[in-house]
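Working through the structure, step by step
Listed here are the chains, written in short residue letters.
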Amino acid sequence: KNQVEQSPQSLIILEGKNCTLQCNYTVSPFSNLRWYKQDTGRGPVSLTIMTFSENTKSNGRYTATLDADTKQSSLHITASQLSDSASYICVVDDYKLSFGAGTTVTVRA
Amino acid sequence: GAGVSQTPSNKVTEKGKYVELRCDPISGHTALYWYRQSLGQGPEFLIYFQGTGAADDSGLPNDRFFAVRPEGSVSTLKIQRTERGDSAVYLCASSLKRDGGTDTQYFGPGTRLTVL
């Protein structure tokens, strides 16, 4: 059973709108939680890295949150752009990275 | 500077054949990782090198899979007696060092392996 579950599996949003992706994990303990963006046919690119003691981390229009008590993280995308269309992957790092299956985001004009 | 590169970008082989996949990490990165990504799934850890040695190979699915990094730079993932279930994108990543902290892994574009 995957230790990192993401929801929704996919979503479609209009350009300029906001969206929030969810990540629930059972990996414990862990050193950090990461969010990656993966364009089709490309390798993942790091967006944010949070240690277990951090609650939030921003990278431009991307803001990640972490609640270590409930073992949940979210990635919020503000004012979405067409270039945000990609798969967003939640990764829990307990020395060995555990990847979620990703949420596929499609931004439409 | 160049990022992580992987060759070939695509590999089609027949069941039972032997394949080698190559990864050129970012210069100076001591940590190197191999992952396998099936369609619609997140990457799955295979093996991690720190320098020349395999620090963790617990993700290798069976003894048909083997990886080397003889000089602490380029790595080769070797798959013997390929099976159709080996078809996937094989991703390589490197990072400056592995300290259990927040080092960023930089991924290559992957090699798409198709076993017919």
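Look a little higher up for the structure.
Attention now goes to the nonpolar core. In this structure, Leu21, Leu33, Trp35, Leu75 and Tyr88 of chain A are the most contacted members of the largest nonpolar core, which totals 24 residues. Those elements giving two or more residues to this core turn out to be strand 2 (10-14), strand 3 (19-25), strand 4 (32-38), strand 5 (45-51), strand 7 (62-67), strand 8 (72-77), strand 9 (86-94) and strand 11 (103-108) of chain A. With sequence-adjacent residues up to four places away left out, leucine 33 of chain A is seen in contact with Tyr25, Thr48, Ile49, Met50, Leu66, Ser73, Cys90, Val91 and Val92 of chain A. Counting 20 residues, the second-largest nonpolar core is a separate cluster that includes Leu21, Cys23, Ala67 and Leu113 of chain B.

Before going further, it helps to spend a moment on the interface of chain A and chain B. Counting residues at the interface gives 20 residues for chain A, matched by 22 residues for chain B. Each partner contributes to the roughly 1600 Å² buried at the junction of chain A and chain B, and carbon and sulfur atoms together form 53% of this total. If you look at where chain A meets chain B, you find 0 salt bridges. Our enumeration of links across chain A and chain B arrives at 1 residue pair in polar contact (both at pLDDT 80 or more). Listed by contribution, the elements that provide at least two residues to the side of chain A that touches chain B are strand 4, strand 5, strand 9 and strand 10 (96-99) of chain A. With 4 residues, the single largest contributor to the side of chain A that touches chain B is strand 4 of chain A. In the side of chain A that touches chain B, the residues fall into 8 nonpolar, 8 polar and 4 charged.

This part covers the pattern of salt bridges. Pairs may arise between side chains of opposite charge once their charged atoms sit close together. On inspection of all chains with the given rule, the structure shows 7 salt bridges over all chains. The closest approach of N and O atoms between aspartate 84 of chain A and arginine 61 of chain A, which form a salt bridge, is 2.8 Å. On the criterion of sequence distance, the pair formed by aspartate 84 of chain A in the loop between strand 8 and strand 9 and arginine 61 of chain A in the loop between strand 6 (56-59) and strand 7 is long-range, its members being 23 residues apart. Note on aspartate 84 of chain A: relative accessible area 1%, which makes it buried. Put simply, glutamate 44 of chain B and arginine 36 of chain B hold a salt bridge, and the shortest N to O gap is 3.6 Å. The exposure class of arginine 36 of chain B is buried, given its relative accessible area of 12%.

Conventions and cut-offs
Residues numbered from 1 in each chain as written. Chains lettered and ligands numbered in written order. Predicted model: local features only at pLDDT ≥ 70, side-chain atom pairs only at ≥ 80, totals over all residues. Heavy atoms only, no water. Core = buried A, V, L, I, M, F, W, Y, C linked by side-chain atoms within 4.5 Å. Buried < 20%, exposed > 50% of the residue type's maximum accessible area, 1.4 Å probe, protein only. Helix = DSSP H or I, 4+ residues; strand = E, 2+ residues; numbered from the N terminus. Contact = heavy atoms within 4.5 Å. Buried area = accessible area lost by both parts, 1.4 Å probe. Salt bridge = Lys/Arg side-chain N within 4 Å of Asp/Glu carboxyl O. Polar contact = N/O pair within 3.5 Å; in protein donor to acceptor, adjacent residues only side chain to side chain. Nonpolar A, V, L, I, M, F, W, Y, C, P; charged D, E, K, R; others polar.

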